[in-house]
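# Breakdown of the fold
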Amino acid sequence: MSKYPLLTVNHEALKSNMTQVVSWCREAGIDVAGVIKVSSGMPSFALDYEACGAKWIASSRLEQLQRARDAGVKIPLMMIRVPMLSEIEEMIEVCDYSLESEFAAIKAIEEAGAHTGKSHNVILMADLGDLREGFFELEELVDVAKYVEDKCDFVHLAGIGTNLGCYGSVMPTKEKMEQLVSYAEAIERAIGRQLEIISGGATSSLMPLFDGVMPERVNMLRIGAISACGPKEDLRTAYGRTEVDCMRDDAFTLEAELIELRTKATHPIGQLGVDAFGQKPKYKDRGMRRRALIAIGRVDYGDTGDLFPETPGAEIVGASGDHTIVDIEDCKEIIRVGDIMRFKLCYSSIMRLTASENVKIKEVGQTEI
Ligand SMILES: *Cc1c(COP(=O)(O)O)cnc(C)c1O
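Fair warning: this is a prediction, and the values are worked out from it, not measured in the lab.

### As for the overall build of the protein chain
A count of helices and strands for the protein chain gives 12 helices and 16 strands. Taken over the C-alpha trace, the protein chain has a radius of gyration of 23 Å; the compact-globule value for 369 residues is 21 Å, and the two agree within 12%. With 369 residues in all, the protein chain has 51% of them scored as buried. Counting only contacts in the protein chain whose residues sit at least 6 apart along the sequence, the fraction spanning at least 24 positions is 65%. Across the protein chain, the 42 positively charged side chains and the 58 negatively charged ones have centroids separated by 6 Å.

### A short note on a negative patch on the surface
A contiguous patch of negative charge on the surface is contributed by Glu102, Glu137, Glu139, Glu140 and Asp143. With respect to the element layout, Glu139 can be found in helix H6 (residues 138-151).

### Some details on the pattern of salt bridges
Under the defined criterion, the tally for this structure stands at 25 salt bridges. Residue Lys55 is joined to Asp31 by a salt bridge in which the shortest nitrogen-to-oxygen separation is 3.3 Å. Here Asp31 lies in strand S2 (residues 31-35) and Lys55 lies in the loop between helix H2 (43-51) and strand S3 (56-59), a separation of 24 residues in the sequence. When its relative accessible area of 30% is taken as the criterion, Asp31 is described as partly exposed. Residues Lys344 and Glu310 are paired through a salt bridge, measuring 3.0 Å at the closest nitrogen-oxygen approach. Placement of Lys344 in strand S15 (residues 340-345) and of Glu310 in the loop between strand S12 (307-309) and strand S13 (315-319) is noted, with a sequence separation of 34 residues between them. Residue Glu310 is classed as partly exposed on the basis of its relative accessible area of 31%. Through salt bridges with shared partners, one network takes in Asp249, Glu255, Glu310, Arg342 and Lys344.

### Observations concerning the site of the ligand
With respect to spatial proximity, 14 residues lie near the ligand, and among them Lys37, Thr203, Arg222, Gly224 and Ala225 are the closest. Within the side chain of Lys37, a nitrogen or oxygen atom sits 2.7 Å from an oxygen atom of the ligand. Arg132 places a side-chain nitrogen or oxygen 3.2 Å from an oxygen atom of the ligand. In the complex, the protein chains occlude 90% of the 380 Å² of accessible area that the ligand would expose alone. Residue composition of the shell around the ligand, by class: seven nonpolar, three polar and four charged.

### A look at the side chain of Glu50
You can see Glu50 is positioned in helix H2. Although Glu50 is buried, it makes no salt bridge; Lys74 carries the closest opposite charge, 6.0 Å away. Side-chain polar atoms of Glu50 contact the backbone nitrogen of Lys74, separated by 2.9 Å. Glu50 has contacts with Ile57, Gly72, Val73, Lys74 and Ile75, leaving out every residue within four places of it along the chain.

### Thoughts on the state of the cysteines
One pass over the full model with this rule turns up zero disulfides. Looking at the unpaired Cys52, the closest cysteine sulfur is the one in Cys25, lying at 13 Å. Given a relative accessible area of 13%, Cys52 falls into the buried group.

### With respect to the domain arrangement of the protein chain
Annotation of the protein chain at the domain level lists domain 1 (11-237) and domain 2 (252-364). Between the C-alpha centres of domain 1 and domain 2 the distance comes to 36 Å. Residue-level contacts link 14 residues of domain 1 with 13 residues of domain 2. With both chains or domains summed, domain 1 and domain 2 bury close to 1,100 Å², and 67% of this area falls on carbon and sulfur atoms. Viewed at the interface, domain 2 and domain 1 are joined by zero salt bridges. The interface formed by domain 1 and domain 2 contains eight residue pairs in polar contact (both at pLDDT 80 or more). Secondary structure elements with two or more residues in the side of domain 1 that touches domain 2: helix H1 (11-27), H2 and helix H9 (225-229). Looking at the side of domain 1 that touches domain 2, its residues break down into seven nonpolar, four polar and three charged.

### Focus on helix H3 (residues 62-70)
Side chains of residues three or four places apart in an α-helix project in the same direction, reflecting 3.6 residues per turn. Along H3, the residues classified as buried are Leu62, Gln64, Leu65 and Ala68. For H3, the angular spread of buried residues about the axis comes to 160°, placing them on one side. Summarising the geometry of H3, the exposed residues directed more than 90 degrees from the buried face are Glu63 and Asp70. Taken together, the buried residues of H3 touch H2, S3, strand S4 (77-79) and helix H4 (88-94). Positive phi appears at Gly72, one or two residues downstream of H3, with a value of about 110°.

### Concerning the nonpolar core
Taken as a class, soluble globular proteins show a tendency for nonpolar side chains to be buried jointly. Ranked by internal contacts, the top residues of the largest apolar core, which has 100 residues, are Phe45, Ile57, Leu124, Leu206 and Phe252. Broken down by element, this core gets its largest block of residues, eight residues, from helix H7 (residues 174-191). What Ile57 contacts, discounting residues up to four positions off in sequence, is Gly34, Ile36, Ala46, Tyr49, Glu50, Leu65, Ala68, Val73, Ile75, Pro76, Leu77 and Met78. Core analysis: the next-biggest nonpolar cluster, separate from the first, contains 13 residues, Trp56, Met78, Ile197 and Met220 among them.

Each value, and the rule that gives it
- Residues numbered from 1 in each chain as written.
- Predicted model: local features only at pLDDT ≥ 70, side-chain atom pairs only at ≥ 80, totals over all residues.
- Heavy atoms only, no water.
- Helix = DSSP H or I, 4+ residues; strand = E, 2+ residues; numbered from the N terminus.
- Rg over C-alpha atoms; globule rule 2.2 N^0.38 Å.
- Buried < 20%, exposed > 50% of the residue type's maximum accessible area, 1.4 Å probe, protein only.
- Contact = heavy atoms within 4.5 Å.
- Lys, Arg positive; Asp, Glu negative; His and termini not counted.
- Charge placed at Lys NZ, Arg CZ, Asp CG, Glu CD.
- Patch = residues over 30% accessible without salt bridge, like charges linked within 9 Å, V, L, I, M, F, W, Y side chains within 5 Å.
- Areas by Shrake-Rupley, 256 points an atom, 1.4 Å probe, with all protein chains shown as cover.
- Salt bridge = Lys/Arg side-chain N within 4 Å of Asp/Glu carboxyl O.
- Near = heavy atom within 4 Å.
- Polar contact = N/O pair within 3.5 Å; in protein donor to acceptor, adjacent residues only side chain to side chain.
- Nonpolar A, V, L, I, M, F, W, Y, C, P; charged D, E, K, R; others polar.
- Disulfide = S-S within 2.5 Å.
- Domains from an automatic or database assignment.
- Buried area = accessible area lost by both parts, 1.4 Å probe.
- Arc of directions from axis to C-beta.
- Core = buried A, V, L, I, M, F, W, Y, C linked by side-chain atoms within 4.5 Å.

Rendered as structure tokens:
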């Protein structure tokens, strides 16, 4: 079997990024939950995070958390997608913490805990306007917090959290962070004690931290993307934050093989209907140009915009499920059939490539346990 397409995971680069994230957060009194879903839960990614000082390993999938534990991760595990009722028994077996936004789920955790005698820590989610998960009204959030505090023996109210910038594109501003702290304080008044955790969001919540406006009481961030992608992540690409330029973009690199090399027309010839995905793309006529066909496709990485050729002058012009078309007319170097093309990646392509069964994975510089 061919070794291509090949995804190389450079753990030195990964750990350099994770160490930077942990150090930024530590300076602001914040602990990091290392989110591993960007790598489809590679256990080695979790071990790197633990080695670099993360306090929790977090994922949206129990399978990924279980694999991390089996691989030797010792720190607490946290489920960060609010759970299905049908997985709660398994959840309290596998992990110690979870994000919660439904009363029914909390009651199910209590019931399951009563059977096993095991206590579980919950972080109640407040929806501050991004409109994915979370309690929408402060009153309901406080009521449920009080219920957990007073009525549950096997559910421990560890704190509250929020998530921003996922559905609603809402930015984690100073105001949103202060609102989260004020929600925490409302709960604290109702239950008569301090909450241990105020979880201020994901990678995007590094922005208020960079700006020095993160409220002191926010003490957890749940971070995945930036560690995997470095500057090829929204903080740089969408928000122009140059703080992340010190991070490495070579933690994940894709290599794929060139299978056809030819000069062809750039505009399709014939009556045009729809492409492989039922779309009607616009084609620009640039005359005859030299282009390469690469043996990897959208089934493996998703969208062509999430793949960045390292070859100077190369430009991806399109792709189907298993083929990628790269314009190489402007490339200076000699290119032949059988050559390997290298690509840098971003969040969604890393997430998909690590899950693709067509892609081989090579890991270098792994953390020993
Ligand atoms: C995915 C996710 C994160 C991590 O987000 P990144 O952008 O990868 O840092 C944090 N919290 C929740 C609830 C998530 O779903």
